[in-house]
Amino acid sequence: MAVIGVLTEPTPPTWWGANRHKVYGTGGLLIGYLIGTHLQGVPDPQPQQPRPSHTTPAPTTPGTPRTYMTLNHLA
């Protein structure tokens, strides 16, 4: 009987080779949690409020004429 080959036990995997699926799974869950809790949707835009403009106030009684003061009246 002839010896064709010698069976040897393979070398055990390194720590990374044995545990990388656990590292990637834990990292993926952590990143998913952070994305889910820190990224909110864009808030709805608020309607533009009318801005006050520079106008002359309305007269207090109807029929009262408006008077406009100019610099000529002050001299």
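Our subject in this report is the structure included herewith. Counting restarts for each chain, with residues numbered from 1 along the sequence as it is written. Local features in this predicted model are restricted to residues whose pLDDT is 70 or higher, and side-chain atom pairs enter the listing and the counts only when it is 80 or higher, whereas totals over whole chains, interfaces and linings include all residues. Water and hydrogen atoms play no part in the side-chain values, which are based on all heavy atoms of the structure.

1. A short note on the overall build of the protein chain
Item 1. Elements are defined by DSSP. Helices are runs of H or I of four residues or more, strands are runs of E of two residues or more, and each kind is numbered from the N terminus. For the protein chain, the helix and strand inventory stands at two helices and zero strands.
Item 2. Buried, partly exposed and exposed residues are distinguished by accessible area as a fraction of the type maximum, computed with a 1.4 Å probe on protein chains only: under 20%, between the cut-offs, and over 50%, respectively. Burial analysis of the protein chain (75 residues in total) assigns 1% to the buried set.
Item 3. Carbon and sulfur atoms make up 65% of the accessible area of the protein chain, which totals about 8100 Å². Under the convention used here, a 1.4 Å probe and the Shrake-Rupley method define accessible areas, while residue burial counts only the protein chains that appear.

2. Some points on the packing of aromatic side chains
Item 1. Working definition: rings of Phe, Tyr and Trp (its six-membered ring) pair if their centres are within 6.5 Å, and the pair is stacked with planes under 30 degrees apart, edge-to-face with planes over 60 apart, and tilted otherwise. For the coordinates displayed, the defined rule picks out one aromatic pair.
Item 2. Ring centres of Trp 16 and Tyr 24 lie 5.6 Å apart, and the angle between their planes is 80 degrees; on these two criteria the pair is classed as edge-to-face.
Item 3. Judged by relative accessible area, which is 38%, Trp 16 ranks as partly exposed.
Item 4. Looking at Tyr 24, the relative accessible area reads 57%, which means it is exposed.

3. Some words on a nonpolar patch on the surface
Item 1. A cluster of nonpolar residues, Trp 15, Trp 16, Val 23 and Tyr 24, forms a patch on the protein surface that exposes about 490 Å² of accessible area.
Item 2. In this structure, Tyr 24 sits in helix H1 (residues 15-38). Here, patches come from residues exposed beyond 30% relative accessible area and free of salt bridges, joined within 9 Å for like charges and within 5 Å for nonpolar side chains (Val, Leu, Ile, Met, Phe, Trp, Tyr). A carboxyl oxygen of Asp or Glu within 4 Å of a side-chain nitrogen of Lys or Arg is what we treat as a salt bridge.

4. Overview of H1
Item 1. With 24 residues, H1 extends 33 Å from end C-alpha to end C-alpha; this agrees with the ideal 34 Å at 1.5 Å per step.
Item 2. At His 21, H1 shows its strongest bend, of approximately 35 degrees. Expected helix span is given by 1.5 Å per residue-to-residue step, counting one fewer step than there are residues. Two axes define the bend at a residue: one fitted to the seven residues ending there, one fitted to the seven starting there, and the bend is the angle between them.

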